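Examining the three-dimensional arrangement
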Amino acid sequence: MKHGSIKPERPILLAVKHYLRILQRQQHPGRFIVGKLLCYSNLSRLFIIKQPSFRLRFYPTNLSFTLWLDSASREAARSLFYAYPQAGDYVVDVGGNIGDVSLCFAAKVGQQGHVLTIEPYPRTFHYLLANLQLNHVTNASAVNCALGQESGSVGILNDKRDDMNHVVHD
């Protein structure tokens, strides 16, 4: 190494600095750390996140983690989902994720209505089904497929962040 040149930081030191910056931005850093440990250990599934009209299991997903940190974080979106459907409506939720929007719709349309939820990613679809079952929802059904302009088959690339998965064509 030449005199005066800067020694590159080690990857582990960069990772530590990155996570310290993330922790500094957290409103509840302790809850953030506990949530991450629960997700990495697969123990998060043992916890339930209470929402105004339903419950969600704390699966290792970004949406679950966001709601674990702040259960009110989706109140604005949820109010929109409650505002439009009416009792007896038929609603389609494309990209159902873990089911929080579908559960809002199911509560709003009631037993005379129905919610069809479409979620393409198999693992997330499993979480969606489990959350529908957790809430004893009988006015919703779920389909594990992708929707698109053309018929055919596609693959889904599993990104590190589950909300960043995307379609890859076969």
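Below: a short report on this structure. Within any chain, residue numbers begin from 1 and follow the written order of that chain's sequence. Only residues with pLDDT of at least 70 are given local features in this predicted model, and only at 80 or more are side-chain atom pairs given and counted; all residues enter the totals for whole chains, interfaces and linings. With hydrogens and water stripped out, all remaining heavy atoms of the structure feed into the side-chain values.

Paired rings are identified among Phe, Tyr and Trp, the last through its six-membered ring, by centres lying within 6.5 Å, and are further divided according to the angle between planes into stacked (under 30 degrees), edge-to-face (over 60) and tilted (the rest). Scanning the entire structure with this criterion turns up five aromatic pairs. Residues Phe-32 and Phe-65 carry aromatic rings whose centres are separated by 5.3 Å and whose planes lie at 75° to one another, so their mutual orientation is edge-to-face. A residue pair is termed long-range when its members are at least 10 positions apart, and Phe-32 in helix 2 (residues 29–41) and Phe-65 in helix 3 (residues 62–69) qualify at 33 residues. Assigned by exposure class, Phe-32 and Phe-65 land together as buried. When the centroid spacing of 5.7 Å and the interplanar angle of 75° are considered together, the rings of Phe-81 and Phe-105 count as edge-to-face. Of the two residues, Phe-81 sits in helix 4 (residues 75–83) while Phe-105 sits in helix 5 (residues 100–109), which places them 24 residues apart along the sequence. Considered together, Phe-81 and Phe-105 belong to a single accessibility category, that of buried residues. Grouping aromatic residues by their ring pairs yields a cluster made of Phe-47, Phe-58 and Trp-68. Lysine NZ or arginine CZ positioned within 6 Å of the ring centre and within 35 degrees of the ring normal marks a charge as sitting over the ring. Lying across the ring of Trp-68, Arg-31 places its NZ or CZ 3.9 Å from the centre. Positioned over the ring face of Phe-65 is Lys-36, at 4.6 Å from the centre of the ring. Where helices and strands are cited, they refer to DSSP runs of H or I of at least four residues and of E of at least two residues respectively, numbered from the N terminus. Exposure classes here rest on a 1.4 Å probe applied to the protein chains alone. A residue is buried below 20% of its type maximum, exposed above 50%, and partly exposed in between.

So, about the pairing of strand 3 (residues 90–94). Alternating residues of strand 3 divide into Val-91 and Asp-93, all buried, and Tyr-90, Val-92 and Val-94, none buried. As judged from the five bridges shared by strand 3 and strand 4 (residues 114–118), these two strands associate in the parallel manner. In the strand pairing of strand 4, Val-92 is matched with Leu-116. Handedness rule for crossovers: strands pointing away from the viewer, path from the first strand over the helix to the second running clockwise, crossover right-handed. Handedness of the β-α-β unit built from strand 3, helix 5 and strand 4 comes out right-handed. Paired strands are those between which DSSP finds at least two bridges.

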